[in-house]
Amino acid sequence: METKDLPELKSFLKTRRSHLAATLVHPGPNQAQISELLEIACRVPDHGKISPWRFIIYDNSQADPIGLKLAEIAEKRQGSLGENTKAMELERFKRAPLVIGVLSSPNREHKVPVWEQELAVGAVCVSLLNACFSMGFAGQWLSEWYAFDDEAAAYLGARDGERFAGFIHIGSASIVPSERPRPDVARLTEYFESSLSGVDA
């Protein structure tokens, strides 16, 4: 099969940039677009074809009760919240028109190691973000404290043995995000040299 260069895709991948959730505005994806986003998100390497993930959709109509519950749990953990901190908890799921929770739901009985299954879930999160951008939306992948708090995660839909890989906040861009420093690829890369090199056959 002939290799074909895809310059537009390559340019996108070289310049893709997350948008801060607080800068996302309406409109967000409609139901048909959500279905398409999730279809694209699932097209990732998945050793064993296990699909060890689940999605939970949160729209703005659910943001108020979620915020109240998160503030309640935060107060149990930290004591009385200051005005600004409480306001931040109340607004967690109001920052974008749509939030999609991505859950790691591994099959622990499968021969594929759980770590490999979790890596596939991370790939789903990246794929979902890129799907957003490809459809003209903007997004940000966040975890934050409630992804790691058992009570909060259970309230948000996690089942036994599951944990949130993150929450993808999706909407329309209101600003052009500034570029951020990127890794020095050369510093992070080395070529393997076998210790057997130079040994007579």
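Computed from a predicted structure; not experimentally measured.

About the criteria used
Residues numbered from 1 in each chain as written. Predicted model: local features only at pLDDT ≥ 70, side-chain atom pairs only at ≥ 80, totals over all residues. Heavy atoms only, no water. Disulfide = S-S within 2.5 Å. Buried < 20%, exposed > 50% of the residue type's maximum accessible area, 1.4 Å probe, protein only. Helix = DSSP H or I, 4+ residues; strand = E, 2+ residues; numbered from the N terminus. Contact = heavy atoms within 4.5 Å. Core = buried A, V, L, I, M, F, W, Y, C linked by side-chain atoms within 4.5 Å. Salt bridge = Lys/Arg side-chain N within 4 Å of Asp/Glu carboxyl O. Axes fitted to C-alpha atoms, helices over the stretch in contact; angles between N-to-C directions. Parallel < 35°, antiparallel > 145°, perpendicular 65-115°, else oblique. Left-handed = near helix turned anticlockwise from the far one by under 90°. Nonpolar A, V, L, I, M, F, W, Y, C, P; charged D, E, K, R; others polar.

What follows is about the state of the cysteines. By the definition in use, this model includes zero disulfides. With no disulfide of its own, C42 lies closest to C125 among cysteine sulfurs, the gap being 11 Å. The class of C42 is partly exposed, set by a relative accessible area of 33%. Cysteine C132 is unpaired, with the sulfur of C125 as its nearest cysteine sulfur at 11 Å. According to the relative accessible area criterion, C132 is buried, its value standing at 0%.

As for its placement among the helices and strands, S104 is situated in strand β3 (residues 98-104). Leave out the neighbours within four places in its chain, and S104 touches P52, E118, V121, G161, E162, R163 and A165.

A separate point is the nonpolar core. Judged by nonpolar contacts, the single largest core of 21 residues is most densely connected at V102, L128, I168 and I170. For this core, the secondary-structure elements that each account for two or more residues are α2 (31-41), β3, α5 (114-134) and β5 (163-173). Aside from chain neighbours lying at most four places away, what touches I170 is L24, P29, L37, A96, P97, L98, I100, C132, F137, A138 and G139. Counting residues in hydrophobic clusters, the runner-up holds 17 residues, among them L70, V99, A147 and F167.

What follows covers the pattern of salt bridges. Inspection of the entire model under this criterion finds 15 salt bridges. The partner of E179 in a salt bridge is R182, and the shortest N-O contact between them spans 3.1 Å. By relative accessible area, R182 is classed as partly exposed at 39%. Each of K69, E72, K76, R77, D149 and E151 takes part in salt bridges that share partners, so that together they form one network.

The geometry of α2 relative to α5 is characterised by a closest axis approach of 8 Å and an angle of 135° between their N-to-C directions. In terms of their interaxial angle, α2 and α5 are classed as oblique. Remark: the crossing between α2 and α5 carries right-handed chirality. Between α2 and α5, the contacting residues are L37, L38, I40 and A41 on the first element and V124, S127, L128, A131 and C132 on the second. Considered class by class, the residues forming the contact of α2 with α5 number eight nonpolar, one polar and no charged.

In short, shape yes, function no, at least from these values alone.
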